[in-house]
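These are the residues of each chain, in order.
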Amino acid sequence: MESTPFKGMEFEAEEIIYGFYNEYGRKAGFSIRKEYVNKCKKTGVVTSRRFVCAKEGVRGKDKRDQNVKNPRVETRCGCEACLVIVLNRDSKKYVVSEFIAEHNHYLHLKSTVHMMPSQRKVAATHAIEIDLAHESGLRLKQSYELLSKQVGGYDNLGFTKQDHKNYLRTKRQRDMEHGAAASLGRYFSRQLKENPSYYFATQLDCEELITNIFWADARMIIDYSHFGDVITFDTTYSTNRDARPLGVFLGLNHHRETVVFGGALLYDETIESFVWLFETFLEAMSEKKPVTIFTDQDAAMSAAIKVVMPTTYHALCSWHMWQNAEKHLGHLLKTESQFNADFLACIYEYDGEDEFLRAWNEMLDKYDIRENKWLIDLFKLKEKWAQAYVKRTFTAGMKTTQLSESFNADLKDCLRTDLNIVEFFTHFETVVNQKRDKAKFPRLKLKSSPMLNQVATVYTPKLFDFFQTEVEEVMALSILERNVSQTHSYVVGVFNQNGKYEVMWNPLDETLSCSCRKFESFGILCRHGLKVLDVLDIKLIPNRYIMKRWRRDSKDGSGKNCTTHNIKPDTQLEYVDRYRDLCPKYIQLVNEASNVEEDIIRPSTDFADKEDQLCASITIVPKGIKKREVYRNKKCRTKSWIEKMRKPKEGTSKKQTKKRKVQEEIYAHDVVAQKKTEDISSENITSFTQLLMSASTSSAAHQGGSSASVALASHLKSTSSVVGSNDKINGAGGLLTQGSVASGGPLTQESITNGWNPMVHNL
């Protein structure tokens, strides 16, 4: 084909013409664009089109303010170069009817033609790499630099950084074209297809908007079944566009590395939200409650833990305590240099209760702070933070929520406040995967020790280092007292240091206990117990004192989800294993290769049934995700509409002043009317509550409650006629309709007065 167009040229399709003319423009040094198009009204087929130079025409009048300092550069200069095509109805081909080759401007050099708008295009291969870089958390600048290095420079890339940015923006708009709630549903559906053990739940409000979200993949559920005895929970901000608090459940695995048990995006940090979150978390984990949970001093979180997990030991983070101490006792930290050491000693050092109480009282008297309200309230919670009380339960060696703080810092390296809901979950997966599978190798120092050789192949490397430190400290201990009878009793002390520890040994059942309770709280034998074993010439640790939690094989066996089905952490590995087993057969039976491959890549058939059950269980489709009101960099409260009204200036006309006074009178009248409505509602709510209680009692007695439903419906009708068209009963705070009452549900005095809301559902 000729490289230069001419009048009478024929083409099969419009796209071929555009590509041909664009290639001609690249060689000549100008950019093209499409101008007008004519289509058949019946068939919609293009009958004629005009392609022009990008500098054709002139810019229209600037509608913006004339005081713009830096207007955009003028790009059009009235160039008349063009190419016009017309459809030949006989041959069904497009024919060039007009071609003008002359330009009235300078043409681009060959070294810069790749920067022209019509020549810039993000290729399919580059689009895949852009998507991978974006999902990996790379910034736009880093991603663009990486692509340019791969092709040997920016000139060979074929698009600019702005095109890169526009591509990502278009992709985000395409992903969110059906709304945030639909995009979230599609994301969860994809996760379920990859692994049916994926768990998620959402909470809706009375407007059917999603308020709280919880999720946990199969690997998280399995990790919790092995290492969910001690968890930490904390919330952080600045991770998503709506400024929702992000809560993450974390713990320690047998390598003492951070493991994630689940995540949640909350609408607020109220008791109701935390109660729903903790209940949903336990439901996902087969109702297995943790032994200990570490949090900060949040009152709502503490109240929710008492309701949902009353048997779980709630410990407070000592680091957050120290941060609060700087706020309330900052004057002592600045003036009294010893106060810091005394305060930290009360938290960490004293193992005995009497010893702790004595040191606490001495600190209060020494610095004259007995009347400090914060210390008084802190002492009431001493069982949650003092070492003398914390050592009574298993904590796996944790004392703070440092795991949460570290994980939140890693999250903020990948998450930004401008991410939508799908991008947030994608980047969250990246950070979680970075935290997994970090194993190390043990370093054996005393190679001749039988005890160390015993645990070197049993403990994980990290725990072996802890145990080896305890063995090394045995050399500094001495036996101060001993009482050998049916049960051996020893008093162990540290050389040239204060402190005594009582160790009991029963030779009949080979049980060992120490007053420091290292094994009960941490899970490994303490140096005092090891000293007694050394005195008794016992060279190997009894098996009962090697906790499975810290063993290398602690993850042997499969976990179970809330539906008691076996959980597979990675379903793709199953297909790989099956393919590896079928390889010999695949080589022998070449003719059946297609059937084998089809069987290998076919997804799990169980998912179709589970998906149908899931869709059948969904009774309400969410309308969207509830937006939080975010006020950034605002120190003052938000003004009401009446306060935002423009005040009349001097010289304002009397007509505007009169109009403003009328608006104020109307507003005052509305306030009085609303107050009367609230009074009427509060008077009727007492009788309404009594009627509800009697209705629930009557329905329980007769197992039908038809008369009770009729009475409720009639009372609702009368109440709505008194209050007006508004369905809300302001005195109760919950939304009750005839449909919601007839649908059933627990009706109690407490639930009604607390604003019982039957429209909250779990997906």
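Note that this is a predicted model, so its numbers are computed, not measured.

### Overview of the overall build of the protein
Then step 1. Each helix and strand in the protein was counted, giving 28 helices and 17 strands.
Then step 2. Long-range pairs, those at least 24 residues apart, make up 60% of the contacts in the protein with a sequence separation of at least 6.
Then step 3. Accessible surface for the protein amounts to roughly 43,900 Å². Of this, 51% is attributable to carbon and sulfur atoms.

### Considerations on the nonpolar core
Then step 1. Counting 99 residues, the largest nonpolar core has F214, W215 and F278 as its most contacted members.
Then step 2. With eight residues, the top contributor of residues to this core is helix α7 (residues 271-284).
Then step 3. Discounting chain neighbours no more than four positions away, the residues touching F278 are F233, F249, M301, A304, I305, V308 and M309.

### Examining the packing of aromatic side chains
Then step 1. Tallied over the full model, the rule gives 43 aromatic pairs.
Then step 2. The interplanar angle of 90 degrees and the centroid separation of 6.2 Å between the aromatic rings of W215 and F424 together place this pair among those described as edge-to-face. Taken together, the residues W215 in strand β7 (residues 209-216) and F424 in helix α16 (residues 421-434) connect sequence positions 209 residues apart.
Then step 3. Assessed through its relative accessible area of 0%, F424 is described here as buried.

### Here we look at the pattern of salt bridges
Then step 1. In total, this model carries 20 salt bridges according to the counting rule given.
Then step 2. Notably, a salt bridge pairs R59 with E74, separated by 3.7 Å at the nearest N-O pair. Placement of R59 in the loop between β3 (46-53) and β4 (82-88) and of E74 in the loop between β3 and β4 is noted, with a sequence separation of 15 residues between them.
Then step 3. Among the residues examined, R59 registers a relative accessible area of 38% and is labelled partly exposed.
Then step 4. Through salt bridges with shared partners, a single network forms among E470, E473, K518 and R527.

### A few points about the packing of helix α12 (residues 353-367) against helix α13 (residues 373-380)
Then step 1. Orientation of α12 relative to α13, taken along the N-to-C sense of each, is 175 degrees, at an axis distance of 13 Å. Overall, the two elements α12 and α13 adopt an arrangement that is roughly antiparallel. On the side of α12, the interface is formed by F356, L357, W360 and L364, while α13 contributes L375, L378 and F379.
Then step 2. A class-by-class count of the residues in the contact of α12 with α13 yields seven nonpolar, no polar and no charged.

### Structural notes on the confidence of the model for the protein
Then step 1. Here the protein averages 75 in pLDDT, and 70% of its residues register 70 or above.
Then step 2. Counting contacts from residues 573-619, a segment whose pLDDT is below 50, to residues more than four positions away or on other chains yields 22 contacts.
Then step 3. Here residues 632-651 is modelled with pLDDT under 50, and outside its nearest four sequence neighbours on either side it reaches 14 contacts, counting other chains as well.

### Some remarks on the sheet that holds strand β13 (residues 477-483)
Then step 1. Taken together, four strands build an open sheet; the order of strands is β13-β14-β15-β16 and the sheet is antiparallel. The sheet terminates laterally at β13 and β16 (511-514), the two strands that pair on one side only. Each strand axis lies, on average, 25 degrees off the axis of its neighbour in the sheet, ignoring direction.
Then step 2. In terms of strand pairing, strand β14 (residues 488-494) meets strand β15 (residues 500-506) through six bridges, oriented antiparallel. Note on β15: the bridge partner recorded for H488 is W505.
Then step 3. Its contacts with the sheet place helix α20 (residues 527-535) against β13, β14, β15 and β16, and it is angled at close to 70 degrees to β13.

### Focus on the environment of L332
Then step 1. Looking at where L332 falls in the secondary structure, it is placed in helix α10 (residues 330-335).
Then step 2. Along the sequence, L332 and Y367 sit 35 residues apart, while their C-alpha atoms lie 8.1 Å from each other.
Then step 3. The residues touching L332, leaving out its near neighbours within four places in the chain, are F339, Y367 and I369.

### Observations concerning the environment of F20
Then step 1. Positionally, F20 belongs in helix α1 (residues 14-28).
Then step 2. With 16 residues separating them in the primary sequence, F20 and T4 have C-alpha atoms 9.0 Å apart.

### Re unusual backbone geometry
Then step 1. Of note, S286 is a non-glycine position whose phi angle comes to about 60 degrees, a positive value.
Then step 2. Its place among the elements puts S286 in the loop between α7 and β11 (292-295).
Then step 3. Its identity is not glycine, yet A396 carries a phi of approximately 60 degrees, on the positive side.
Then step 4. By the element assignment, A396 lies in the loop between α14 (387-390) and α15 (402-414).

Thresholds, definitions, all that
- Residues numbered from 1 in each chain as written.
- Predicted model: local features only at pLDDT ≥ 70, side-chain atom pairs only at ≥ 80, totals over all residues.
- Heavy atoms only, no water.
- Helix = DSSP H or I, 4+ residues; strand = E, 2+ residues; numbered from the N terminus.
- Contact = heavy atoms within 4.5 Å.
- Areas by Shrake-Rupley, 256 points an atom, 1.4 Å probe, with all protein chains shown as cover.
- Core = buried A, V, L, I, M, F, W, Y, C linked by side-chain atoms within 4.5 Å.
- Buried < 20%, exposed > 50% of the residue type's maximum accessible area, 1.4 Å probe, protein only.
- Phe/Tyr/Trp six-rings, centres within 6.5 Å; stacked < 30°, edge-to-face > 60°.
- Salt bridge = Lys/Arg side-chain N within 4 Å of Asp/Glu carboxyl O.
- Axes fitted to C-alpha atoms, helices over the stretch in contact; angles between N-to-C directions.
- Parallel < 35°, antiparallel > 145°, perpendicular 65-115°, else oblique.
- Nonpolar A, V, L, I, M, F, W, Y, C, P; charged D, E, K, R; others polar.
- pLDDT = per-residue confidence, 0-100.
- Pairing = 2+ DSSP bridges.

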